[in-house]
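Below, each chain spelled out in residue letters.
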Amino acid sequence: DGSLLSAAIGTYDDRIGHNAMVEVFDLGDGLKVRSAKAIKAADDLLGMWAMSFSPEGDRIFVPSQSQNRSGIRAFAPTTGNSLWAQGGFSSYWVRALSVSPNGDVVATGDEKGYLRIWDAKSGSLLAERQVGLVIQSLAFSSDGHEIAIGLWNSQIGIVVVDKLFRRSDIT
């Protein structure tokens, strides 16, 4: 509804390494900040590439990284509580993230060219496909049936979401 705004902030120091967090601002009416919540993950560095709220505003999805391996996390934006986390992927960063218009799934794209589709509520991996190049950006169509993929070499691809799933995955 436009009442929440997020920003990723971070610093790096050679002595202590990275320090990063996501701040969520409750704007209430207009642009005046009513409150702010800093979200940090104890063992993960929260990514600066992309993040997105669910359409209901009850979840924020943030790329993460731990021990040079990428992941994704979901938090409750008003409390900062972790809802779920997936990680350990061979890429260094998840660079692209998009939430479907109905809020049911989250798509991520990484530096190894993996497109992954996640259940937004549970964090379960629903589908995975490698496209061969770094995925720089993702966007769902307004009906949620296609995903536009922006690749490292400036090409754009369109993926039909239903075709990513094996027949046994469709319920």
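Residues numbered from 1 in each chain as written. Predicted model: local features only at pLDDT ≥ 70, side-chain atom pairs only at ≥ 80, totals over all residues. Heavy atoms only, no water.

### A look at the pairing of strand 7 (residues 69-75)
In summary, the side chains of a regular strand alternate between the two faces of the sheet. Defined as follows: Think of it in three bands: residues with accessible area under 20% of the maximum for their type are buried, residues over 50% are exposed, and the middle band is partly exposed, with areas taken using a 1.4 Å probe on protein chains only. Helix and strand assignments follow DSSP, with helices taken as H or I runs no shorter than four residues and strands as E runs no shorter than two, numbered in order from the N terminus. Following DSSP output, two strands are said to pair if at least two bridges run between them.
Of all seven residues in strand 7, six are buried, a share of seventy percent or more. Bridging between strand 6 (residues 60-66) and strand 7 involves seven bridges; their strand directions are antiparallel. Each bridged residue has a counterpart across the sheet, and for Pro 63 the counterpart in strand 7 is Ile 72. Counted along the chain from strand 6 to the antiparallel partner strand 7, the turn is two residues long, and its residue Gln 67 has a positive phi close to 50 degrees. Pairing geometry for strand 7 and strand 8 (residues 82-89), over six bridges, is antiparallel.

### Remarks on the pairing of strand 11 (residues 114-119)
Relative to strand 11, strand 10 (residues 105-110) runs antiparallel, the two being bridged by five bridges. Looking across to strand 11, one finds that Val 105 is bridged to Asp 119. The antiparallel pairing of strand 10 with strand 11 creates a hairpin that spans three residues between the two strands, and Gly 113 there sits at a positive phi of about 85 degrees. Pairing between strand 11 and strand 12 (residues 125-130): five bridges, direction antiparallel. From the neighbouring strand, Trp 118 faces strand 12, where its bridge partner is Leu 125.

### Comments concerning the pattern of salt bridges
Cut-off, in case you're wondering: What makes a salt bridge here is a side-chain nitrogen of Lys or Arg within 4 Å of a carboxyl oxygen of Asp or Glu, nothing more.
Counting across every chain of the model gives five salt bridges. Linked through salt bridges whose partners overlap, the residues forming this network are Glu 56, Asp 58 and Arg 59.

### As for the side chain of Arg 95
Applicable threshold: Any pair of N or O atoms that falls within 3.5 Å is considered a polar contact. Within protein, one atom must be able to donate a hydrogen and the other to accept it, and sequence-neighbouring residues count only if both atoms are side-chain atoms. Contact criterion: two residues are considered in contact whenever any of their non-hydrogen atoms come within 4.5 Å of each other.
If you trace the backbone, Arg 95 turns up in strand 9 (residues 94-99). By relative accessible area, Arg 95 is classed as buried at 14%. Within the structure, the side chain of Arg 95 is placed 2.9 Å from the side chain of Glu 111, a separation counted as a polar contact. At 3.0 Å, the side chain of Arg 95 and the side chain of Gln 136 are in polar contact. Excluding residues that lie within four positions of it along the chain, Arg 95 makes contacts with Trp 49, Ala 50, Gly 109, Asp 110, Glu 111, Val 134, Ile 135, Gln 136 and Trp 152.

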